[in-house]
Amino acid sequence: MNMNTAPEWIARSVSRLRSAAPASDNKAPGDKPARAAADKANVTDVVAKVAAPRSTNERLAATLRRGQEALSPRALRRLLADLQEVVAPQVSEIEGGRRAQGVAQWYAAAEPEERRDMWLLLCEQFAPDATRFKSARQRYEAAAGTAEEGQAEISLRRALVSPRTRLLQRFAVFPEGMRFLVDMRAELLPLLKADKRLLALDAELEHLFSTWFDVAFLELRRLSWDSPASLIEKLIKYEAVHDIRSWADVKNRLDSDRRCYGFFHPRLPNEPLIFVEVALVDHISASITPLLDEAAAPADLAKATTAIFYSISNTQNGLRGVSFGDSLIKHVVETLNAEFPRLRTFATLSPIPGFRSWLGKHAGAMLEKLDDKRRAELGRAVGFEPPQAAHLLTALEKPLDLEPRSPVRQMLLECAAHYLARELAEGKPVDPVARFHLGNGARVERLNWGGDPSAKGLKQSYGLMVNYLYDLKRIDKHRGLLAQGKIPTSGDIESLCRN
């Protein structure tokens, strides 16, 4: 049986099973369910065997494609040859870039499943040489502590550089190559959970982007109301923290008491990678509402002592997870200081996007931390003693209605403080915004009740917002603490965690 005629074979198999069904009429009634189950199991087994994806090695060696495969073996071999030509040893970097551009042009016209076939080739046919790596590692281990250690390390490093790395670097050579790679990763990311074979390509791209898009290579530009309309439209499009509602809203964010910056990469000159929005005020802001008030008069810059970072938006899905280095905010701070020497305090007013979801899963564990007195107080407040997770979550449905002395309100603040100051995953804060700011050297400074009363704010964090403080003299210290698995926090946050 030629497995490459799989769709027809499945159809005939199912047809035979169906045509055999009348024979079951001769069986006792009690046998019919068993026969039906067996028939169903047979069809399922056949489909599962046929639908199991073949590796690119198997497909390249085949003659015909299977029904679920996009490129035929011949087309797959041709695409592989084109990719190999890009990194052929005798090909210069410029010529390799030109050939990569040809592949990119094919990719632009390809169907989504054909593009996936190219990703699979990149993953499976351009992987590191396992034999060479093993040999280099053994040589390095044997040379440890000897005069040959340095040369052995060089050999090991070279063995770790995969052909895939060199191939992707060639794609970055031609003018639109960086744009091509970023867009390709944006397409790739949503499919990683369903197809683990693609993880190697994603990891390689993320590693390369972390080098290419380090903040040291980015250009910081200020946006103003006089900036090109195309750039302001991109600010509207990419704003990810607080949606821009109108042109009046945009004008407010670009007013005299505001600063808005975009980070640009020289290979993507007209495409901002990150937008940073700053309000210049005389105190650390506790609510986003006055900052977004279009009717509010501009603050007096002569009295401004504090810069509040209230929105930071990444614009490129293909750069998700790329840190841009750990000095991005410091770069903005230095720019602000040069223009406004009176500024003394640099802080954020940030959302807590993962908090409500986290509390929905961990409310029970947080209740177990309470002593008997606190548990009884909370139980009386929610109407159930002892209170359970469901009772607490129900009582939090309308958080803005809670009184300042409410035990439910206090419990929510303590849970948020614990979430921000204690919860780690693989040594990093679980909240994505916390991960960014703490990685840049900030500390968790203050929780703000009702800081974002919008529907989005209530959905994310019961309306809570947090200030992260950038103490310029302690940025390196805070990074060091985080590297040890300790989240830098203020005394106010620590007191909430101890209660």
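Residues numbered from 1 in each chain as written. Predicted model: local features only at pLDDT ≥ 70, side-chain atom pairs only at ≥ 80, totals over all residues. Heavy atoms only, no water.

Asks: Would you mind going over the overall build of the chain with me for this structure?
Replies: Scanning the chain from N- to C-terminus turns up 22 helices and 9 strands. Looking at the chain as a whole, 45% of its 499 residues qualify as buried. Residue pairs at least 24 apart in sequence account for 72% of intrachain contacts in the chain once pairs closer than 6 positions are excluded. (Helix = DSSP H or I, 4+ residues; strand = E, 2+ residues; numbered from the N terminus. Buried < 20%, exposed > 50% of the residue type's maximum accessible area, 1.4 Å probe, protein only. Contact = heavy atoms within 4.5 Å.)

Asks: Sorry if this is basic, but what is going on with the pattern of salt bridges here?
Replies: Between side chains of opposite charge, a pair can form as their charged atoms come close. Taken as a whole and assessed by the stated rule, the structure comprises 31 salt bridges. Linking Arg 99 and Glu 85 is a salt bridge whose minimum nitrogen-to-oxygen distance equals 2.6 Å. Placement of Arg 99 in helix H5 (residues 93-109) and of Glu 85 in helix H4 (residues 73-86) is noted, with a sequence separation of 14 residues between them. Since its relative accessible area comes to 26%, Arg 99 is described here as partly exposed. One salt bridge connects Arg 259 with Glu 339, and the closest N-O pair in it is separated by 2.6 Å. With Arg 259 in strand E2 (residues 258-264) and Glu 339 in helix H14 (residues 328-339), this pair connects stretches of sequence that are 80 residues apart. Owing to a relative accessible area of 5%, Arg 259 belongs among the buried residues under this scheme. Judged by relative accessible area, Glu 339 falls into the partly exposed class, the value being 37%. (Salt bridge = Lys/Arg side-chain N within 4 Å of Asp/Glu carboxyl O.)

Asks: Got a minute to help me understand unusual backbone geometry in this structure?
Replies: Residues apart from glycine generally show negative phi values, whereas peptide bonds are mostly found in trans. Following Glu 385, the chain continues into Pro 386 via a peptide bond in cis, with omega recorded as -5°. Here Pro 386 lies in the loop between helix H16 (372-382) and helix H17 (389-395). Residues other than glycine seldom take positive phi values, yet Glu 426 does so here, at roughly 55°. Examined against the element boundaries, Glu 426 turns out to sit in the loop between strand E6 (424-425) and strand E7 (428-429). One non-glycine residue, Tyr 462, adopts positive backbone phi at about 55°.

Asks: I'm lost on the packing of helix H6 (residues 112-124) against helix H10 (residues 177-188) in this one. Help?
Replies: Packed helices, taken two at a time, are described by their axes: the angle between them and the distance between them. Packing of H6 against H10 leaves a shortest axis separation of 12 Å and a crossing angle of 100°. Viewed along their axes, H6 and H10 adopt a mutual orientation that is roughly perpendicular. Here Arg 115, Met 118, Trp 119 and Leu 122 of H6 come into contact with H10, specifically with Phe 180, Met 184, Glu 187 and Leu 188. Classifying every residue of the contact of H6 with H10 gives 6 nonpolar, no polar and 2 charged. (Axes fitted to C-alpha atoms, helices over the stretch in contact; angles between N-to-C directions. Parallel < 35°, antiparallel > 145°, perpendicular 65-115°, else oblique. Nonpolar A, V, L, I, M, F, W, Y, C, P; charged D, E, K, R; others polar.)

Asks: What is the right way to look at the nonpolar core in this model?
Replies: In summary, soluble globular proteins display a tendency toward joint burial of nonpolar side chains. Grouped together as the largest cluster of nonpolar side chains are 106 residues, with contacts concentrated most on Phe 213 and Phe 355. Top contributing element to this core by residue count: helix H18 (residues 407-422), with 10 residues. Those residues in contact with Phe 355 that lie beyond four places of it in its chain are Leu 412, Cys 415, Ala 416, Tyr 419, Asp 431, Gln 460, Ser 461, Tyr 462 and Leu 464. (Core = buried A, V, L, I, M, F, W, Y, C linked by side-chain atoms within 4.5 Å.)

Asks: Looking at this structure, how should I read the layout of surface pockets?
Replies: One simple way to see leftover space: roll a probe sized like a water molecule over the atoms. Its boundaries defined by the atoms lining it, the largest pocket holds a volume of some 1,400 Å³. Lining the largest pocket are 43 residues, with Asn 314, Pro 432, Val 433, Arg 435 and Phe 436 positioned closest to its centre. Of all the elements in the fold, those that place two or more residues in the lining of the largest pocket are strand E4 (306-314), E7, helix H19 (432-439), helix H20 (455-461) and helix H21 (475-483). Residue composition of the lining of the largest pocket, by class: 19 nonpolar, 16 polar and 8 charged. Residue-level mapping places the lining of the largest pocket at the junction of two domains, with at least three residues from each of domain 2 (215-350) and domain 3 (355-497). (1 Å grid on protein atoms, 1.4 Å probe; cavity = no way out; pocket = protein on both sides within 12 Å on 5 of 7 lines; lining within 4 Å. Points joined across faces, edges and corners; volume = space filled by probe spheres on them. Domains from an automatic or database assignment.)

Asks: Please explain helix H12 (residues 229-238) as it appears in this structure.
Replies: Because each turn of an α-helix spans 3.6 residues, side chains separated by three or four positions end up pointing in the same direction. Among the residues of H12, those classed as buried are Leu 231, Ile 232, Leu 235 and Tyr 238. On an axial view of H12, the arc spanned by its buried residues comes to 135°, and they lie on one face. (Arc of directions from axis to C-beta.)

Asks: Please explain the confidence of the model for the chain as it appears in this structure.
Replies: Do not read the predicted coordinates in detail wherever pLDDT is low. Model confidence for the chain is summarised by a mean pLDDT of 88, while 90% of its residues fall at 70 or above. By mean pLDDT, helix H1 (residues 6-19) is the weakest element of the chain at 41, and strand E9 (residues 465-469) is the strongest at 98. Taken as a whole, residues 1-50 scores under 50 in pLDDT and shows 28 contacts with residues more than four places along the chain or in a different chain. (pLDDT = per-residue confidence, 0-100.)

Asks: What is the right way to read the environment of Met 184 from this model?
Replies: Relative to the assigned elements, Met 184 resides in helix H10. By relative accessible area, Met 184 is classed as buried at 1%.

Asks: Help me out: how do you make sense of the side chain of Asp 471 in this one?
Replies: Along the chain, the position of Asp 471 falls in the loop between E9 and H21. In this structure Asp 471 comes out as buried when scored by relative accessible area, which is 19%. At 2.8 Å, the side chain of Asp 471 and the side chain of Arg 474 are in polar contact. (Polar contact = N/O pair within 3.5 Å; in protein donor to acceptor, adjacent residues only side chain to side chain.)

Asks: So what exactly am I meant to see when it comes to H10 here?
Replies: For H10, with 12 residues, the first-to-last C-alpha span of 16 Å sits near the 16 Å given by 1.5 Å per residue. Counting buried positions along H10 gives 9 out of 12 residues, so the element sits mostly inside the fold. For H10, every residue scored as buried is listed here: Gly 177, Met 178, Arg 179, Phe 180, Leu 181, Val 182, Met 184, Arg 185 and Leu 188. (Expected span 1.5 Å × (residues − 1).)

Asks: What's the story with the packing of aromatic side chains in this structure? I'm lost.
Replies: The relation between two aromatic rings is expressed through the spacing of the ring centres and the mutual angle of the planes. In total, this model carries 10 aromatic pairs according to the counting rule given. Relative to Tyr 470, the ring of Phe 309 lies with its centre 6.4 Å away and its plane at 55°, an arrangement referred to as tilted. Placement of the pair is Phe 309 in strand E4 and Tyr 470 in the loop between E9 and H21, with a sequence separation of 161 residues. The exposure class assigned to Tyr 470 is buried, which follows from its relative accessible area of 3%. A centroid spacing of 6.3 Å and a plane angle of 25° characterise the contact between Phe 355 and Trp 358, whose relative ring orientation is stacked. With Phe 355 and Trp 358 both in helix H15 (residues 355-368) and 3 residues apart, this pair spans about one turn of that helix. Each member of the pair Phe 355 and Trp 358 is classed as buried. Here the guanidinium or amino end of Arg 221 rests over the ring plane of Phe 264, the centre of that ring lying 3.8 Å away. (Phe/Tyr/Trp six-rings, centres within 6.5 Å; stacked < 30°, edge-to-face > 60°. Lys NZ or Arg CZ within 6 Å of the ring centre and 35° of its normal.)

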